[in-house]
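Chain residues, written in single-letter form:
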Amino acid sequence: MDSYRDAKRYLDKFKRVDVAVDAFYSGDLPPASTPKSNSHQPSTSKLHSLFDKYKDSDGEDITAEGTIKFCTDLDVDPEDVVLLAVAYELKSKRMAEWNKKGWTEGWKELGCDSIAAMKTVLPKLKDKLAKDKAYFRKVYLHTFDFARAEGQRSLPIESAQALWSLLIPHGLSGGALAHTQKDGDGDISMSGEEGWKEEYTDWWLEFLTEKKLKGVSKDTWSMFLDFMTTIDAKFEKYDTEEAWPSTIDDFVEWARERLRN
C-alpha cells in the first residue's frame, strides 16, 4: 500500500483531517479517480515516437488513416464507444483527429507511453464511462463539439443518432444514466423510481427520423442528457413549463401517444 497516496486520497475526498481519519479506520477508501496502467512516469519521447508513427506524412496531426492504423494496433473497433472517452482525454477537437499536444498530455495523464499500456487502460476508461455519472457527462458534452464539422453550429442528424446509439446504451448498462430526481431543496438524490428504458432510445431515434430534422443543436444535445436522467418511465411528470427544447417537448407528446396505444 502506498500510504502517502492513500492519505492524499482520503484528504482530497473528505477535506478535513478528523473526518479523513474516521473514514480510514472505517475502511471507506475513496477509489482512484483516474485509471492508470502503471506507476512509472510516462516517456514524452516514446509518446512522440508513437504519434509520429500514425500522423500524416505531409501534416502535423493524426487523421483518419492514422486513426485506423492506431485502432488496429490497439485491437479496438474504430466505432467502439471507448474512443469517445479517449477523444475527451486527449482533447481531440475533431473526429478521428489528434494533435501532438493533446496526445502527449492525455496519455501521460493516463499513465501510458506504449500500445501495451494503452490496451490496459482502455477497459478501465470504458468501465468508468459506463458507471461514473460525472465522467459520462464530460465525455457526452465533449462529443458534441468534436463530432460536428468545423464552422457548423449543429450536429448532422445522422451523426447525432449514431453517437446516441453508442452512448445511451453504454450509460444505461453501468448506471451512468441511472434515474435521479430533485428533492424539496433542489438537490439531486438517487431514486428507486424507474426512468429511461432501453426501448426509449429506439423510440427517440425513430422520432427524429420521422421528424426529418437536419441537425441537432447544442442545447438539444446537452439538455437531452438531463431529460433522460430525470424523466419518469411513463413520461407523466414532464414539466412543459420548463425551458426544454421544442424537439424534446414534441418527443414527450409522441412517446405519451405511443404508451397509450
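Below you will find a few notes about this structure. (Residues numbered from 1 in each chain as written. Predicted model: local features only at pLDDT ≥ 70, side-chain atom pairs only at ≥ 80, totals over all residues. Heavy atoms only, no water.)

In terms of regular secondary structure, the chain is built from 12 helices and 4 strands. In the chain, 69% of the contacts between residues at least 6 apart in sequence involve partners at least 24 apart. Split by element, the accessible area of the chain, about 14700 Å² in all, is 50% carbon and sulfur. (Helix = DSSP H or I, 4+ residues; strand = E, 2+ residues; numbered from the N terminus. Contact = heavy atoms within 4.5 Å. Areas by Shrake-Rupley, 256 points an atom, 1.4 Å probe, with all protein chains shown as cover.)

For the structure on display, the rule yields 34 aromatic pairs. Aromatic pair Phe227 and Tyr238: ring centres 5.8 Å apart, planes at 85°, arrangement edge-to-face. Pair noted here: Phe227 is in helix α11 (residues 218-230) and Tyr238 is in the loop between α11 and α12 (246-260), with a separation of 11 residues, a long-range link. Side by side, Phe227 and Tyr238 carry an identical accessibility label, which is buried. When the ring of Phe227 is compared with that of Trp244, the centres are 5.9 Å apart and the planes differ by 75°; the resulting orientation is edge-to-face. Note that Phe227 is positioned in helix α11 and Trp244 in the loop between α11 and α12, a separation of 17 residues in sequence. Classification of Phe227 by relative accessible area gives buried; the value is 1%. Here the basic side chain of Lys128 rests over the ring of Tyr135, its NZ or CZ set 4.5 Å away from the ring centre. The ring of Trp203 has Arg258 lying over it, and the distance from NZ or CZ to the ring centre is 5.3 Å. (Phe/Tyr/Trp six-rings, centres within 6.5 Å; stacked < 30°, edge-to-face > 60°. Buried < 20%, exposed > 50% of the residue type's maximum accessible area, 1.4 Å probe, protein only. Lys NZ or Arg CZ within 6 Å of the ring centre and 35° of its normal.)

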